[in-house]
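Breakdown of the fold
The primary structure of each chain is shown beneath.
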Amino acid sequence: MNAKVAIVTGGLSGIGLAAAKELVRRGHRVAVGSRSGADSKRRECVEAVLEAKGIALELDVGSQESVDRFVAETRDRLGTPLILVNAAGIFREGFLADHSDPAWFDQIDINLSGPFRMIRAVFPSMASAGFGRIVNIASTAAAKGASGYAAYCASKAGLVGLGLAVSQEGAPNNVCCISISPTWVETPMMDAAVLRRAKAGGKDTESARIDIENSNPQNRIVQPSEIASIIGYFCTDAPRALTNIDIQVNAGADW
């Protein structure tokens, strides 16, 4: 396929960085954005990994001004983005009785409203070009609730719903949208959860990690590259009918 311009949010680590590397490997030009992008040294490291086909910029998907600035700079430096991977996300545990408003609204804003802002910013250009690929990184938590995860579950369920609506609007113009819902993936977000679980359960971190490994029938932790491989294939010309779906990458687990 012809090289396209791609945007990957949350692209300085985890699933986002793996997706950016896969898209570059397939010949695309990639702009990765993250709130961590304010760190110039970190940006330089990521740009080195992406070689000459990628740039790293500061992006806060919780700010419309930041989104507009990021998309405009991407257009100026790389061209019109026709691929969008919404990988930016946050995760905070909290039981209902103790759940603060900021913890709730932050997760809804970053995990759900952030992708909406990004999609709204690039969708018209995709429709005009007659090509668009949008990937929302959701979670198995979108379909399976758990105590202490109300905001996260709600935000990811909303993200899947958003993707279904976008796929309908995009269908006449070859703008396809899918959600990918992984179980635990080996990312900095999971590492933070391991530390919290170890502390809460009075365990060492290795034991807490093993508990997560054993929480699915494959007895292992899914790797970011597995998610990236699906994204890479979806963002080609081949799967034109692949849209309007949530793909579970769960190693056999419900959560």
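This text gives an overview of the structure that appears in the document. (Residues numbered from 1 in each chain as written. Predicted model: local features only at pLDDT ≥ 70, side-chain atom pairs only at ≥ 80, totals over all residues. Heavy atoms only, no water.)

Quick notes on unusual backbone geometry
Backbone geometry at N174 places phi at a positive 60°, although glycine is not the residue there. If you trace the backbone, N174 turns up in the loop between α5 (150-170) and β6 (175-182). Assessed through its relative accessible area of 13%, N174 is described here as buried. (Helix = DSSP H or I, 4+ residues; strand = E, 2+ residues; numbered from the N terminus. Buried < 20%, exposed > 50% of the residue type's maximum accessible area, 1.4 Å probe, protein only.)

A few points about the pairing of strand β4 (residues 81-86)
The buried count for β4 comes to six of six residues, which makes it a mostly enclosed element. Looking at chain direction, strand β1 (residues 5-9) and β4 are connected through five bridges and run parallel. Across the sheet, the residue bridging to I7 is L84, located in β4. Bridge count for β4 against strand β5 (residues 132-137) is four bridges, and the pairing is parallel. For N86, the partnering residue across the bridge sits in β5 and is N136. Crossover handedness for the path β4 to helix α4 (residues 101-129) to β5: right-handed. (Pairing = 2+ DSSP bridges. Right-handed = clockwise from strand over helix to strand, strands pointing away.)

Quick look at the sheet that holds β6
Strand order in the open sheet formed by seven strands is β3-β2-β1-β4-β5-β6-β7, with parallel pairing between adjacent strands. With partners counted over all chains shown, the strands left at the sheet margins are β3 (54-58) and β7 (245-249), one partner each. Across the sheet, the mean angle from the axis of one strand to that of its neighbour is 20°, orientation sign disregarded. Relative to β3, strand β2 (residues 29-34) runs parallel, the two sharing five bridges. By the bridge assignment for β3, A31 is matched with I55. Helix-sheet contacts for α5 involve β5, β6 and β7, and the interaxial angle to β6 is about 160°. Contacting β4, β5, β6 and β7, helix α8 (residues 224-234) crosses the sheet at an angle of about 170° to β6. (Axes fitted to C-alpha atoms, helices over the stretch in contact; angles between N-to-C directions. Contact = heavy atoms within 4.5 Å.)

Focus on the packing of aromatic side chains
The geometry of an aromatic ring pair is captured by two quantities: the separation of the ring centres and the angle between the planes. Per the counting criterion, the structure on display carries four aromatic pairs. On the basis of an interplanar angle of 90° and a centroid distance of 6.3 Å, the ring pair of F91 and W184 is categorised as edge-to-face. With F91 in the loop between β4 and α4 and W184 in the loop between β6 and α6 (188-201), this pair connects stretches of sequence that are 93 residues apart. Residue class for F91 comes out buried when judged on its relative accessible area of 10%. Classification of W184 as buried rests on a relative accessible area of 12%. Taking 5.0 Å as the distance between ring centres and 55° as the angle between the ring planes, the aromatic pair formed by Y149 and W255 counts as tilted. Remark: W255 occurs in the segment after β7 and Y149 occurs in the loop between β5 and α5; sequence separation between them is 106 residues. Taken as a pair, Y149 and W255 share a single burial class, namely buried. Grouped by ring-pair contacts, the aromatic residues F91, Y149, Y152, W184 and W255 constitute a single cluster. Across from the ring centre of F131, 4.5 Å away, lies the NZ or CZ of K4, which sits over that ring. A cation over an aromatic ring shows up here: R133 above the ring of F234, its NZ or CZ 5.9 Å from the ring centre. (Phe/Tyr/Trp six-rings, centres within 6.5 Å; stacked < 30°, edge-to-face > 60°. Lys NZ or Arg CZ within 6 Å of the ring centre and 35° of its normal.)

Some thoughts on the pattern of salt bridges
For the structure shown, the criterion picks out 11 salt bridges. Among the salt bridges present, the one from R69 reaches E65, with a minimum N-O distance of 3.7 Å. Taken together, the residues span about one helical turn, with R69 and E65 both in helix α3 (residues 64-77) at a distance of four residues. Put simply, E22, R25 and R26 are held in one network by salt bridges that share partners. (Salt bridge = Lys/Arg side-chain N within 4 Å of Asp/Glu carboxyl O.)

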